[in-house]
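Structural overview
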Amino acid sequence: MPRPLALIVGVLALGTLFVPPHEPCAAKGDAFLDAQTPGVLTIEPGECFTDPAGGHVRYIPCDERGAANQAYGFVHVADGPWDRTALAAHAWRVCGTGFARQWPGGRATGLAYYPVLPTAATWAGGDRDIMCAAYRTGGPLTGSLLPRH
């Protein structure tokens, strides 16, 4: 005769076979991607793209399976010496301002953002652009995150 606890555990384990997996996204920071991540420099404002797979990202329509991020803004930084710490602080500030403008108040629920920074090497080559990207914290995108005005 089965033990009641073993039976309950067995039923619960069997039930998980019928629940689709839902893996929330880990927080993405300013080191998640950078300008040297292959594919990043091809992303345009408003476009969606994958998380890095095999070391690169790729453009994907926002409503297709695999879209994980959306570029919502680009900010040009003034010329000057390379200073990653100052650049990251500036990037978080300007991307945060843009994020709050795009998704004010409760419209940002379930969304987060991160900046994509130039690297020392791309900076030396003249790259002064920061990309601001948004993502859904609960999983992949199901369409554009940009609000319709």
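In short, a report on the structure. (Residues numbered from 1 in each chain as written. Predicted model: local features only at pLDDT ≥ 70, side-chain atom pairs only at ≥ 80, totals over all residues. Heavy atoms only, no water.)

1. Looking at the packing of aromatic side chains
With the rule as written, the count across this model stands at eight aromatic pairs. Ring geometry for phenylalanine 99 against tyrosine 113: centres 4.9 Å apart, planes inclined by 35°, an arrangement best described as tilted. Note that phenylalanine 99 is positioned in helix α2 (residues 84–102) and tyrosine 113 in strand β3 (residues 111–116), a separation of 14 residues in sequence. Members of the aromatic cluster, each reached through a chain of ring pairs, are Tyr72, Trp92, Phe99, Trp103 and Tyr113. Positioned above the aromatic ring of tyrosine 135, the side-chain terminus of lysine 28 is 4.5 Å from the ring centre. (Phe/Tyr/Trp six-rings, centres within 6.5 Å; stacked < 30°, edge-to-face > 60°. Helix = DSSP H or I, 4+ residues; strand = E, 2+ residues; numbered from the N terminus. Lys NZ or Arg CZ within 6 Å of the ring centre and 35° of its normal.)

2. Regarding the pairing of strand β4 (residues 129–136)
Across a regular strand the side chains alternate sides, sitting on one face of the sheet and then on the other. Among the eight residues of β4, six are classified as buried, and the element is accordingly described as predominantly covered. Where strand β2 (residues 69–76) lies against β4, six bridges are found, and the strand directions are antiparallel. In the strand pairing of β4, histidine 76 is matched with aspartate 129. Sheet topology note: the β3/β4 ladder contains six bridges and is antiparallel. By the bridge assignment, proline 115 is partnered in β4 with cysteine 132. (Buried < 20%, exposed > 50% of the residue type's maximum accessible area, 1.4 Å probe, protein only. Pairing = 2+ DSSP bridges.)

3. Considering the nonpolar core
Residues Tyr72, Phe99, Trp103 and Ile130 are the most contacted members of the largest nonpolar core, which totals 21 residues. When contributions to this core are tallied by element, the ones reaching two or more residues are α2 and β4. Tallying contributions element by element places α2 first for this core, with five residues. Core analysis: the next-biggest nonpolar cluster, separate from the first, contains twelve residues, Val40, Val57, Ala112 and Ala133 among them. (Core = buried A, V, L, I, M, F, W, Y, C linked by side-chain atoms within 4.5 Å.)

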